[in-house]
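So the chains spell out like this:
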Number of protein chains: 4
Amino acid sequence: MDGKRGRKRSEQARVAILTATVDELTDKGYDSLSIEGIAARAGVGKHTIYRWWGSKGALIADCLVENLLPSPAYEPPDTGDVRADLTRWLGEAMDLIDDRTNRDVFRALVGAAAENPSVAEALNAQLGVLSALVRRLATASHAELRTSGGSLDALATAVTGTLIMRLLSPESMPGPSADQVVALLLPPGPDAPDR
Amino acid sequence: MDGKRGRKRSEQARVAILTATVDELTDKGYDSLSIEGIAARAGVGKHTIYRWWGSKGALIADCLVENLLPSPAYEPPDTGDVRADLTRWLGEAMDLIDDRTNRDVFRALVGAAAENPSVAEALNAQLGVLSALVRRLATASHAELRTSGGSLDALATAVTGTLIMRLLSPESMPGPSADQVVALLLPPGPDAPDR
Amino acid sequence: MDGKRGRKRSEQARVAILTATVDELTDKGYDSLSIEGIAARAGVGKHTIYRWWGSKGALIADCLVENLLPSPAYEPPDTGDVRADLTRWLGEAMDLIDDRTNRDVFRALVGAAAENPSVAEALNAQLGVLSALVRRLATASHAELRTSGGSLDALATAVTGTLIMRLLSPESMPGPSADQVVALLLPPGPDAPDR
Amino acid sequence: MDGKRGRKRSEQARVAILTATVDELTDKGYDSLSIEGIAARAGVGKHTIYRWWGSKGALIADCLVENLLPSPAYEPPDTGDVRADLTRWLGEAMDLIDDRTNRDVFRALVGAAAENPSVAEALNAQLGVLSALVRRLATASHAELRTSGGSLDALATAVTGTLIMRLLSPESMPGPSADQVVALLLPPGPDAPDR
DNA sequence: TTGTAAACGAGACGGTACGTCAGGTCTTGAG
DNA sequence: CTCAAGACCTGACGTACCGTCTCGTTTACAA
């Protein structure tokens, strides 16, 4: 009478579905994504998907949670030099975005987030930027940053927002470089020219 | 013998279609948007839409071009005080975003841009922010800004990116306030406390 | 592992579709017949029709096979008097044709057969006339018929052809009566006037 | 003030339209026939067709009247031997029907007649069989026919009906031969075997 | 000559139906 | 009780024609 009777949920099916989701998302983008296609690619009945997820958004959110999508958020380095560390991190994130394949997945992801609040939430949660980045920045002395503690959030948001702008821009107009962004957001380093 | 024969394109139909597109977009978001629905709401044959646009993206891009969507880009004020002007502009933009209805349209718009490069292009073009805002900031003295001329672009991008982040965030986590953002992006004013 | 998995075909849907086909055919004739209309009337998805039939012709042919259309072919009586039996049968068939409703269905049927070879085949097969009638005529003595065995087929064809001519004629010009047809096709009976 | 002003009806357009109708009918059959296709093939505006005809049926009926369709009705020969003449005529008519191209047009024609009473009427009128054939048969002595005058009509109908049956039959089951039909419909000739 | 009225080609328009595809639900039989 | 398979109803897709309606052009009678 308890909840443990019957066949157990198939881990194999679960993984196959999430994997197929990522693959389809990569191949076709968000709104050409079809449950039917995912089911077919995963070799799974549609019902199995609906039983456990129930919507495209939930699927993608789960992919995020399981870290199956190329993550824009890896731990920033900490060499002691905030400017250098942030510049490096930002440059690498931009390279990640500029890659054709990732670009398409990220765009699909933003599309999903824009349409589906629950994806947006998962994306925000996953977007470790807002934590990993903040964590790194928090180690910096006040002298190195321009803003006081409360607006570390503003800094992280500006960085992430800049990346999203780059993502949504045509390749021909990529927007500001990592250097320019850092120059804007952080005060000049001790060895910087006076102006 | 030239190409001008036959009945002329109906301006009335053109406008009805674009209007209906905006309405449907507002009501249902980008990926529940259907050509069929637009045609029905506009009182128009589907073929008339396909004849002139041929895709959801093109339709939306055209709406942008025709300024039919609630524009996030109005002319920033110029009182001489950059900090105050930018703070005001940003605050109003945030209010615009925070409004339920606009929020949905903007999200749909970002979704469309993420899925459809041509919409992205139109959106970037339309996003007067990058011109109107830059125009205002360019009038400021170097002393008022933190960055030299070349990275005005970085500044505008950071501002816009911050707004998009707010748009994609759950209402419960709106992110930094206008004040915080300005404090980050502009150097302290003359009457600001020293630190 | 075999081919029996999945939900079974719905008999209810099958019957509803064939019934709706007959109704629509009766109401609107063959070339105003629409799959969409049939699906709607049957309360069925179009796909279900296309899954199993794939064309208007196949649908109608199936209706014929299932005897859902008013049949022009009922068993001819056998009183021993071929002339009388044939005359009666023919008269009743003509009455059937002369009825407005049946007339429309039959015409639609002929239209379908003329456009669609597979309907033609089904119609020919179903047109029991060529079997039921021949069966009856075959019981007659040679003296009663004018032709030898091999051309019973010719006789049945002439009878059916005469009926089709009547079907395609305007009501104001119905063509020969049953008596006249029988007088043409069978030799005078023993009690007939000499000339 | 009278009705004679303005441009005259273009004979060239009229002919082009009827010709195109025949061609399209030959190529695609009745229910794949489109006014749009006819207009395009004739190099004519659709309105010109609708102005003068207004329906597919009327077009086809006009083609019949203008004798633009391969006629099944040519004058039967008169050698003095009714059996031989009728057999010959019937054989040639069957050959006409058996030809692939004609077969398709005739079937389209029957389809049109079945759907459209006005075509049926034109077809009946045109189907000279009922006049040309009757004319020939009427010259025969009573001894040569089996039926008295009044049912010449029955005879002609049986002949025509037999041809239509052949038209609607699959090629693999062409039905009775000309000889068989004549043997059924006419009394044995003077030199025929007794039974 | 010069109206002016009708017919013409072209083709846009609001519609209906096409045949296909995917969505989400339900049913079946195997595990 | 889950799974794969797959039939089901729903509804949108993009296309093809429908029959109507302008357009600008061409023709030909009437003033």
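Whatever comes next refers back to the structure up there.
In this report, we go over the structure that sits alongside the text. What you are looking at is a predicted structure, and each value in this text was computed from that prediction instead of being measured.

1. Description of the overall build of chain A
Link 1 in the chain: When helices and strands are counted, chain A shows ten helices and zero strands.
Link 2 in the chain: Reading chain A from its N terminus to its C terminus gives the helix and strand order α-α-α-α-α-α-α-α-α-α.
Link 3 in the chain: Looking at chain A residue by residue over its 195 residues, the buried ones come to 48%.
Link 4 in the chain: For chain A, restricting intrachain contacts to residue pairs at least 6 apart in sequence, the fraction spanning at least 24 positions comes to 70%.
Link 5 in the chain: When the accessible surface of chain A is totalled, it reaches about 9,500 Å², and 52% of it is carbon and sulfur.

2. Section: the protein's contact with DNA strand F
Link 1 in the chain: Taken together, 43 residues sit near DNA strand F, with Tyr50 of chain B, Gly45 of chain C together with Ile35, Glu36 and Tyr50 of chain D positioned nearest.
Link 2 in the chain: Within 4 Å of the protein, the contacting atoms of DNA strand F are 65% sugar and phosphate, with bases supplying the remainder.
Link 3 in the chain: The contact in question runs from a phosphate oxygen of DNA strand F to an N or O atom on the side chain of Lys8 of chain B, over 2.8 Å.
Link 4 in the chain: Take Thr48 of chain C: an N or O atom from its side chain is 2.8 Å from a phosphate oxygen of DNA strand F.

3. Here's the deal with the relation of the copies chain B and chain A
Link 1 in the chain: It takes a turn of 180 degrees to lay chain B on chain A, together with a shift of 0.0 Å along the axis; the resulting RMSD is 0.2 Å. The relationship between the two copies is best expressed as a two-fold rotation axis.

4. Observations regarding the interface of chain C and chain D
Interface size is commonly expressed as the accessible surface area that is lost when the partners come together.
Link 1 in the chain: Facing 38 residues of chain C, the contacting portion of chain D comprises 38 residues.
Link 2 in the chain: Taken together, both faces of the contact between chain C and chain D bury some 3,300 Å²; the carbon and sulfur share is 66%.
Link 3 in the chain: Our count for the chain C to chain D interface comes out at zero salt bridges.
Link 4 in the chain: For the side of chain C that touches chain D, the elements supplying multiple residues, two or more each, are α6 (100–115), α7 (117–126), α9 (152–168) and α10 (178–185) of chain C.
Link 5 in the chain: Here the side of chain C that touches chain D gets eleven residues from one element, more than from any other, and that element is α9 of chain C.
Link 6 in the chain: Classifying every residue of the side of chain C that touches chain D by side-chain character gives 20 nonpolar, 13 polar and five charged.

5. Concerning unusual backbone geometry
Link 1 in the chain: The residue Asn67 of chain B is not glycine, and still its phi comes out positive at about 60 degrees.
Link 2 in the chain: Here Asn67 of chain B shows up in the loop between α4 (56–65) and α5 (82–98).

6. Describing the pattern of salt bridges
It is possible for side chains bearing opposite charge to pair when their charged atoms get close.
Residues and elements named next belong to chain D.
Link 1 in the chain: Evaluated as defined, the whole model comprises 52 salt bridges over all chains.
Link 2 in the chain: Between Glu24 and Lys28 there is a salt bridge whose closest N-O contact spans 3.7 Å. A residue pair is termed a helical-turn pair when its members lie 3 or 4 positions apart in one helix, as Glu24 and Lys28 do in helix α1 (residues 11–28) at four residues.
Link 3 in the chain: Note on Glu24: relative accessible area 5%, which makes it buried.
Link 4 in the chain: Of the charged contacts, one joins Arg136 and Asp78 as a salt bridge, the two residues approaching to 3.3 Å between their closest N and O atoms. Of this pair, Arg136 sits in helix α8 (residues 129–138) while Asp78 sits in the loop between α4 (56–65) and α5 (82–98), and the two are 58 residues apart along the sequence.

7. Some details on helix α4 (residues 56–65) of chain C
Link 1 in the chain: Within the sequence span of α4 of chain C, burial applies to Gly57, Leu59, Ile60, Ala61, Cys63 and Leu64 of chain C.
Link 2 in the chain: Looking at the packing, one finds that the buried side of α4 of chain C touches α1 (11–28), α2 (35–42), α3 (46–52), α6 and α7 of chain C.

8. Let's talk about the relation of the copies chain C and chain D
Link 1 in the chain: When chain C is brought onto chain D, the operation consists of a screw motion whose angular component is 179 degrees and whose axial shift is 0.1 Å, with 0.1 Å RMSD remaining.
Link 2 in the chain: The overlap is high: 100% of the interface residues of chain C also sit at the interface in chain D, so the same surface is used on both sides.

9. Side note on the interface of chain B and chain A
Link 1 in the chain: Chain B puts 38 residues into the contact, and the matching count from chain A is 38 residues.
Link 2 in the chain: Taking both partners together, chain B and chain A bury about 3,300 Å²; carbon and sulfur atoms supply 66% of that area.
Link 3 in the chain: Counting every contact that joins chain B to chain A gives zero salt bridges.
Link 4 in the chain: Linking chain B with chain A are four residue pairs in polar contact (both at pLDDT 80 or more), by the criterion used here.
Link 5 in the chain: Among the elements of the structure, α6 (100–115), α7 (117–126), α9 (152–168) and α10 (178–185) of chain B are those that each provide at least two residues to the side of chain B that touches chain A.
Link 6 in the chain: If one sorts the elements of the side of chain B that touches chain A by residue count, α9 of chain B sits on top with eleven residues.
Link 7 in the chain: Broken down by class, the residue content of the side of chain B that touches chain A amounts to 20 nonpolar, 13 polar and five charged.

10. Some remarks on α1 of chain C
All names here are of chain C.
Link 1 in the chain: Taking 1.5 Å as the rise per residue, α1 with 18 residues should run 26 Å; its terminal C-alpha atoms sit 26 Å apart, in good agreement.
Link 2 in the chain: Listing the buried residues of α1 in full gives Ala13, Arg14, Ile17, Leu18, Ala20, Thr21, Val22, Glu24 and Leu25.
Link 3 in the chain: Close packing links the buried residues of α1 with α2, α3, α4 and α6.

11. A short note on the protein's contact with DNA strand E
Link 1 in the chain: The local shell around DNA strand E holds 38 residues, among which Lys46 and Tyr50 of chain A together with Ile35, Glu36 and Tyr50 of chain C are the closest.
Link 2 in the chain: Residue Arg7 of chain B places a side-chain N or O atom 3.3 Å away from a base nitrogen belonging to DNA strand E.
Link 3 in the chain: Note that a phosphate oxygen of DNA strand E is positioned 2.6 Å from one of the backbone N or O atoms of Glu36 of chain C.
Link 4 in the chain: Of all the secondary structure elements, the ones that give two or more residues to the surface near DNA strand E are α2 (35–42) and α3 (46–52) of chain A, α3 (46–52) of chain B, α2 and α3 of chain C together with α3 (46–52) of chain D.
Link 5 in the chain: For the surface near DNA strand E, the residue count by class is nine nonpolar, 14 polar and 15 charged.

12. Examining the environment of Ile38 of chain A
All names here are of chain A.
Link 1 in the chain: Position of Ile38 relative to the elements: it lies in helix α2.
Link 2 in the chain: As for Ile38 and Leu25, which are separated by 13 residues in sequence, their C-alpha atoms are 9.3 Å apart.
Link 3 in the chain: Not counting residues within four places of it along the chain, the set of residues in contact with Ile38 comprises Ile17, Ala20, Thr21, Glu24, Leu33, Ile49 and Leu59.

13. Concerning the environment of Thr19 of chain A
Residues and elements named next belong to chain A.
Link 1 in the chain: Turning to its location among the elements, Thr19 is positioned in helix α1 (residues 11–28).
Link 2 in the chain: Between the C-alpha atom of Thr19 and that of Ala61, which follows or precedes it by 42 residues, the distance is 13 Å.
Link 3 in the chain: Here Val15 takes part through its backbone oxygen, which lies 2.8 Å from a polar atom of the side chain of Thr19.

14. Observations concerning the side chain of Glu115 of chain A
Link 1 in the chain: One can find Glu115 of chain A in helix α6 (residues 100–115).
Link 2 in the chain: The charged side chain of Glu115 of chain A is buried without a salt bridge, its nearest counter-charge being Lys56 of chain B at 7.4 Å.
Link 3 in the chain: If sequence neighbours within four positions are ignored, Glu115 of chain A has contacts with Tyr30 of chain A together with Gly29, Tyr30, Asp31, Ala108 and Gly111 of chain B.

15. Re the packing of α1 of chain A against helix α4 (residues 56–65) of chain A
Residue and element names in this part refer to chain A.
Link 1 in the chain: Where α1 meets α4, the closest approach of the two axes is 10 Å, and the angle between their N-to-C directions is 100 degrees. Classified by the interaxial angle, the pair formed by α1 and α4 is roughly perpendicular. Residue-level inspection shows Ile17, Leu18, Thr21, Val22 and Leu25 of α1 in contact with α4, the latter providing Leu59, Ile60, Asp62 and Cys63.
Link 2 in the chain: Of the residues assigned to the contact of α1 with α4, the class counts are seven nonpolar, one polar and one charged.

16. Some remarks on the packing of α5 of chain B against α6 of chain B
Residue and element names in this part refer to chain B.
Link 1 in the chain: Running from N to C, α5 and α6 point in directions that differ by 85 degrees, and their axes come no closer than 5 Å. Classified by the angle their axes make, α5 and α6 are roughly perpendicular. Residues Leu96, Ile97 and Asp98 of α5 form the contact with α6, whose participating residues are Arg100, Asn102, Arg103 and Phe106.
Link 2 in the chain: Split by residue class, the contact of α5 with α6 holds three nonpolar, one polar and three charged.

Procedures and definitions
Along each chain, the written sequence defines residue order, and numbers are assigned to residues from 1. The order in which chains are written sets their letters, starting at A; the order in which ligands are written sets their numbers, starting at 1. Totals for whole chains, interfaces and linings use every residue, but because this is a predicted model, local features are given only for residues with pLDDT of at least 70 and side-chain atom pairs only at 80 or more, for both listing and counting. Side-chain descriptors were evaluated using all non-hydrogen atoms of the structure, hydrogens and water having been removed beforehand. A run of DSSP states H or I qualifies as a helix once it reaches four residues; a run of E qualifies as a strand once it reaches two. Both are numbered from the N-terminal end. Residue exposure (1.4 Å probe, protein chains only): buried if accessible area is under 20% of the type maximum, exposed if over 50%, otherwise partly exposed. Only heavy atoms enter the contact rule, under which two residues are in contact if any of them lie within 4.5 Å. For every accessible area listed, the method is Shrake-Rupley and the probe measures 1.4 Å; residues are considered covered only by the protein chains on display. Throughout, the term near means that a residue has one or more heavy atoms lying within 4 Å of the molecule or strand in question. Under this definition, polar contacts are N or O atom pairs within 3.5 Å; protein pairs additionally need one hydrogen-donor-capable and one acceptor-capable atom, and for neighbouring residues in sequence, both atoms have to be side-chain atoms. The superposition of copies rests on a least-squares fit of C-alpha positions from residues with pLDDT of 70 or more in both. Buried area: the sum, over both parts, of the accessible surface (1.4 Å probe) that disappears when the two are put together. Any Lys or Arg side-chain nitrogen located within 4 Å of an Asp or Glu carboxyl oxygen qualifies as a salt bridge. Nonpolar residues are Ala, Val, Leu, Ile, Met, Phe, Trp, Tyr, Cys and Pro. Charged residues are Asp, Glu, Lys and Arg, and all others, Gly as well, are polar. One fewer than the residue count of a helix, multiplied by 1.5 Å, yields its expected span. Under the counting rule used here, the positive set is Lys and Arg, the negative set is Asp and Glu, and His together with the chain ends is not counted. Every angle, taken between N-to-C directions, lies between 0 and 180 degrees, and every axis is a line fitted to C-alpha atoms, over only the stretch in contact when it is a helix. Working rule for angles: under 35 degrees goes down as roughly parallel, over 145 as roughly antiparallel, 65 to 115 as roughly perpendicular, anything else as oblique.

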